[in-house]
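# Structural description and commentary
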Amino acid sequence: GEQVEQLPSILRVQEGSSASINCTYENSASNYFPWYKQEPGENPKLIIDIRSNMERKQTQGLIVLLDKKAKRFSLHITDTQPGDSAMYFCAAMDFYAQGLTFGLGTRVSVFP
Amino acid sequence: DPKIIQKPKYLVAVTGSEKILICEQYLGHNAMYWYRQSAKKPLEFMFSYSYQKLMDNQTASSRFQPQSSKKNHLDLQITALKPDDSATYFCASSPWTGSNYAEQFFGPGTRLTVL
């Protein structure tokens, strides 16, 4: 199986600054790492993902980094806005798995 | 139009009863999943189906039984309900199973409360 640890559990950032969330995984066979954003009362929404053949991926103010040696991946939200306030979940999946293994989530709050 | 439909949105049940959660997806995906989210275990994988066949079961209890009548349809039957079953149950789908096609999209969820 897989275990995913996610830190921090709570993150408060000032509007316009960057927010960073870190995740580590245990299974060296994991090769797919998505990030989901979940707002209160809503479903998790896929915001960005990275596969093991990449080290960095960027889209619309989001950057994901993957360090396979350290079994660590991270999400960086640049120029945070109030709309970025939400729960963020990292996840991992190995080639043979059927489901995603999620971290416990990070509650991001963006204040003025 | 919603691409993944889950019914009902809210469900209240009494301990010991049985309920069925409905999920249909219109994304043309071949793989469907059930996840559970509660205060104790956020986003826990339960089952995966591909072409109506069970691919993986990570639920320890036989009280949870997925049912697939069509490729785009995956229901979840829960018997002998317990208060600990209270959670939001999310259905998800992806083009195929396996990490090469793993972009999973989640439905709106069914919030189950067991009294």
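Placed above this text is the structure.
Residues numbered from 1 in each chain as written. Chains lettered and ligands numbered in written order. Predicted model: local features only at pLDDT ≥ 70, side-chain atom pairs only at ≥ 80, totals over all residues. Heavy atoms only, no water.

### Some words on the sheet that holds strand 7 (residues 62-67) of chain A
Residue and element names in this part refer to chain A. One open sheet accounts for five strands, arranged 1-3-8-7-6; its pairing is antiparallel. The open sheet has two edge strands, strand 1 (4-7) and strand 6 (56-59), and neither has a second partner. Neighbour-to-neighbour, the strand axes of this sheet turn through a mean angle of 15°, independent of strand direction. Pairing of strand 1 with strand 3 (residues 19-25), which is carried by four bridges, proceeds in the antiparallel orientation. Note on strand 3: the bridge partner recorded for glutamate 5 is threonine 24. (Pairing = 2+ DSSP bridges. Helix = DSSP H or I, 4+ residues; strand = E, 2+ residues; numbered from the N terminus. Axes fitted to C-alpha atoms, helices over the stretch in contact; angles between N-to-C directions.)

### Considering the interface of chain A and chain B
How big an interface is tends to be expressed through the accessible area that disappears when the partners come together. With 20 residues of chain A at the contact, the number on the chain B side is 22 residues. With both sides pooled, the region where chain A packs onto chain B buries about 1,700 Å², and carbon together with sulfur makes up 55% of that total. Considering only the side of chain A, the residues that lose the most area to chain B are Arg51, Gln98 and Phe102 of chain A, jointly responsible for 32% of the buried surface there. Run the count over chain A and chain B and you get one salt bridge. Where chain A touches chain B, the interface holds seven residue pairs in polar contact (both at pLDDT 80 or more). With four residues, the single largest contributor to the side of chain A that touches chain B is strand 4 (residues 30-38) of chain A. (Contact = heavy atoms within 4.5 Å. Buried area = accessible area lost by both parts, 1.4 Å probe. Salt bridge = Lys/Arg side-chain N within 4 Å of Asp/Glu carboxyl O. Polar contact = N/O pair within 3.5 Å; in protein donor to acceptor, adjacent residues only side chain to side chain.)

### What to know about the sheet that holds strand 7 (residues 64-70) of chain B
All names here are of chain B. Strand order in the open sheet formed by four strands is 1-3-8-7, with antiparallel pairing between adjacent strands. Two strands in the sheet have a free side with no partner beyond their single neighbour: strand 1 (4-7) and strand 7. Across the sheet, the mean angle separating the axes of adjacent strands is 20° when strand polarity is ignored. By the bridge criterion, five bridges tie strand 7 to strand 8 (residues 73-78) in an arrangement that is antiparallel. Across the sheet, glutamine 65 pairs through a bridge with glutamine 77, a residue of strand 8.

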